[in-house]
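If you want the building blocks of each chain, they are given just below.
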Amino acid sequence: MNHKTVIVKIGTSSLTDDSGKLDPEALQAHVKALTRLKQTGSRVVLVSSGAVAAGFHELGLTHRPRSLAGKQAAAAIGQGHLVQRYREAFSTHGEICAQVLLTRSDFDHRVRFLNALHTLQFLLERGIIPVINENDSVAVDEIRWGDNDILAALVAGLLQADWLLFVTDTDGLYTANPLDHPEAKKVHRIGPVDMSPPVKVDYSKSSLGSGGMRAKLIAARKASRAGIRVYIGTAGESPDWMLDAVKERGSGTYMDPESRRSSRKEQWIAAHSRPRGYLKVDEGAARALVERGKSLLPCGIVEVDGNFKAGEIVEVAGPEGSPLGRGVTRFSAQLLRRVKGWNTREISRLVPNHPEEVIHRNDWVSSPAEAPATIQSPQEASR
Ligand SMILES: Nc1ncnc2c1ncn2[C@@H]1O[C@H](COP(=O)(O)OP(=O)(O)O)[C@@H](O)[C@H]1O
Ligand SMILES: N[C@@H](CCC(=O)OP(=O)(O)O)C(=O)O
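Residues numbered from 1 in each chain as written. Chains lettered and ligands numbered in written order. Predicted model: local features only at pLDDT ≥ 70, side-chain atom pairs only at ≥ 80, totals over all residues. Heavy atoms only, no water.

In this section: the overall build of the chain. Summing up its helical and strand segments, the chain has 12 helices and 17 strands in all. Expressed as a percentage of the 383 residues in the chain, the buried residues total 51%. Relative to all contacts within the chain whose residues are 6 or more apart in sequence, the contacts with residues 24 or more apart total 74%. When the accessible surface of the chain is summed, it comes to about 17,800 Å², and 48% of that surface belongs to carbon and sulfur atoms. (Helix = DSSP H or I, 4+ residues; strand = E, 2+ residues; numbered from the N terminus. Buried < 20%, exposed > 50% of the residue type's maximum accessible area, 1.4 Å probe, protein only. Contact = heavy atoms within 4.5 Å. Areas by Shrake-Rupley, 256 points an atom, 1.4 Å probe, with all protein chains shown as cover.)

The following block contains the structure:
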């Protein structure tokens, strides 16, 4: 028994037939592989797309809806079907699964973030497989991810998972989209995240998927920065294929993690989708934060933007405006506007016993280094 925590994300393209509808046989095959993984000792969490595919035909549509309202309505019908199919399929193997629907804002609030964690832990401790999807029918544009790749990476971070497997219709990451570039070669392994593999990833995706390989790569990079191993591949014939993948015997693409695993607090700061404010710092403060691992003090701050309270997340940029990272501020925007540039002694005269640091080093996460691949914008891709 190894008790590794494995997050498996299954995309729409791996759950549907040629007409775009949910394919129960494909779903049953995935469930068999998930059960094999779990029954050999891993804690398994499934992030499954497929709600829109499972619901659109009952809306009277012949194809997947394109409008947001259409997708939300289809998901409202389909999510119930999807989970029912999973429950039936898992029960034939003596397993129980549970539906967990999340929205982006669940990761913004520390209390809700911890609630989601406790629910998942409670289920896992009792041997139940959480089946997670975005809460599509309620999530409006500003608070939705729109694809489950990033959700899977955030869940992997939340649970400090060992592995994140992306199950898709392509057997790995290629040097370019293999559908348009038959000469493209498979990338078998991507080293530590700051090494750039020679990969072109554009916005193209399967006919039914949402994010394409671009979303997977961005999500994979988030996970590997947090110290999680990532595999991108297609479902194998054998029910042991997921087990083989976590034994590093898969034929898809592996992404090696950064050696340091980030703490749950760092995960939360990084996962936060909407920082409440923005600080610009001078050269000395930028170096102290990024190169010397120091806390941020008020004397290094040159600009304060936004209306944040102490305890909220703020984004920090260097003197040229380049993003340095983000962290939890111990000062409100109102106070910081008044004391920016001041030294610690001057501040303690104004507000005795106030914490010295604007952002303590334990509450700080640096921005990602260089992108691991060439990511083309839609305009570039269409040139
Ligand atoms: N460099 C690449 N390597 C592999 N696939 C790519 C690449 N660039 C784009 N793709 C496309 O990404 C698609 C998979 O993403 P997506 O449609 O979102 O799948 P899913 O539904 O599994 O999430 C593939 O069908 C492929 O066409
Ligand atoms: N939440 C949506 C899926 C969105 C999504 O990420 O799709 P995909 O790119 O196929 O994984 C659904 O259940 O249909």
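Here the narrative resumes.
Here the focus is a positive patch on the surface. On the surface, Arg 287, Arg 292, Lys 294 and Arg 361 cluster together to form a positively charged patch. With respect to the helices, strands and loops of the structure, Arg 292 is situated in the loop between α9 (283-290) and β13 (301-306). (Patch = residues over 30% accessible without salt bridge, like charges linked within 9 Å, V, L, I, M, F, W, Y side chains within 5 Å. Salt bridge = Lys/Arg side-chain N within 4 Å of Asp/Glu carboxyl O. Lys, Arg positive; Asp, Glu negative; His and termini not counted. Charge placed at Lys NZ, Arg CZ, Asp CG, Glu CD.)

A few words on the packing of helix α5 (residues 148-158) against helix α6 (residues 212-225). Two numbers describe how α5 lies on α6: the axes approach to 8 Å, and their chain directions differ by 10 degrees. By the angle class used here, α5 and α6 are roughly parallel. Contacts between α5 and α6 involve Asp 149, Ile 150, Ala 153 and Leu 154 from the former and Gly 212, Ala 215, Lys 216, Ala 219, Lys 222 and Ala 223 from the latter. Class assignment for the residues of the contact of α5 with α6 results in 6 nonpolar, 1 polar and 3 charged. (Axes fitted to C-alpha atoms, helices over the stretch in contact; angles between N-to-C directions. Parallel < 35°, antiparallel > 145°, perpendicular 65-115°, else oblique. Nonpolar A, V, L, I, M, F, W, Y, C, P; charged D, E, K, R; others polar.)

Within the open sheet, the 8 strands sit side by side as β3-β4-β2-β1-β5-β10-β11-β8. Their pairing is mixed. The two strands at the open ends of the sheet, each matched to only one other strand, are β3 (97-102) and β8 (189-190). On top of the sheet, helix α1 (residues 24-39) reaches β1 (5-10), β2 (43-48), β4 (129-134) and β5 (163-168); it is set at about 175 degrees to β1, its chief contact. (Pairing = 2+ DSSP bridges.)

The sites that carry the UniProt feature "domain: PUA" (unreviewed entry) are, in the present numbering, residues 277-360. With 26% helix and 26% strand, the stretch residues 277-360 has end C-alpha atoms that lie 16 Å from each other. (UniProt positions renumbered as here; feature names shortened; annotations may be inferred.)

This next bit is on the nonpolar core. Within the largest apolar cluster, 46 residues are counted, with the highest numbers of intra-cluster contacts made by Ile 7, Phe 107, Ile 132, Val 155 and Leu 164. Sort the elements by how many residues they give to this core and α5 lands first, with 8 residues. When we break this core down by domain, the ones giving at least three residues each are domain 1 (5-266) and domain 2 (275-366). Residues Leu 22, Val 31, Phe 90 and Tyr 254 belong to the second largest nonpolar core, which totals 30 residues. (Core = buried A, V, L, I, M, F, W, Y, C linked by side-chain atoms within 4.5 Å. Domains from an automatic or database assignment.)

What follows concerns unusual backbone geometry. Phi at Glu 248 takes a positive value of approximately 65 degrees, unusual for a residue other than glycine. Take Glu 248: it is sitting in the loop between α7 (241-246) and β11 (253-255). Classification of Glu 248 by relative accessible area gives partly exposed; the value is 32%. Positive phi outside glycine occurs at Asn 353, with the angle close to 70 degrees. Structurally, the position occupied by Asn 353 is in the loop between α11 (344-350) and β16 (364-366).

This part covers the UniProt feature "binding site: ATP" (unreviewed entry) in the chain. When the UniProt feature table is mapped to this numbering, "binding site: ATP" (unreviewed entry) covers Lys 9, Thr 168 and Asp 169. These annotated residues cover 161 residues of sequence, and their C-alpha atoms lie no more than 12.2 Å from one another, placing them together at a single site. Here Lys 9 is to be found in strand β1. Not counting the four nearest positions on each side in its chain, Lys 9 is found in contact with Val 47, Ser 49, Asn 148, Asp 149, Ala 152, Leu 165, Phe 166, Val 167 and Lys 216. At a separation of 2.9 Å, a polar atom in the side chain of Lys 9 contacts the side chain of Asp 149. Examined against the element boundaries, Thr 168 turns out to sit in strand β5. Accessibility expressed as a relative area gives 6% for Thr 168, which makes it buried. Excluding residues within four positions of it along the chain, Thr 168 makes contact with Ser 13, Ser 14, Met 213, Lys 216, Ile 232, Gly 233, Thr 234 and Ala 235. (Polar contact = N/O pair within 3.5 Å; in protein donor to acceptor, adjacent residues only side chain to side chain.)

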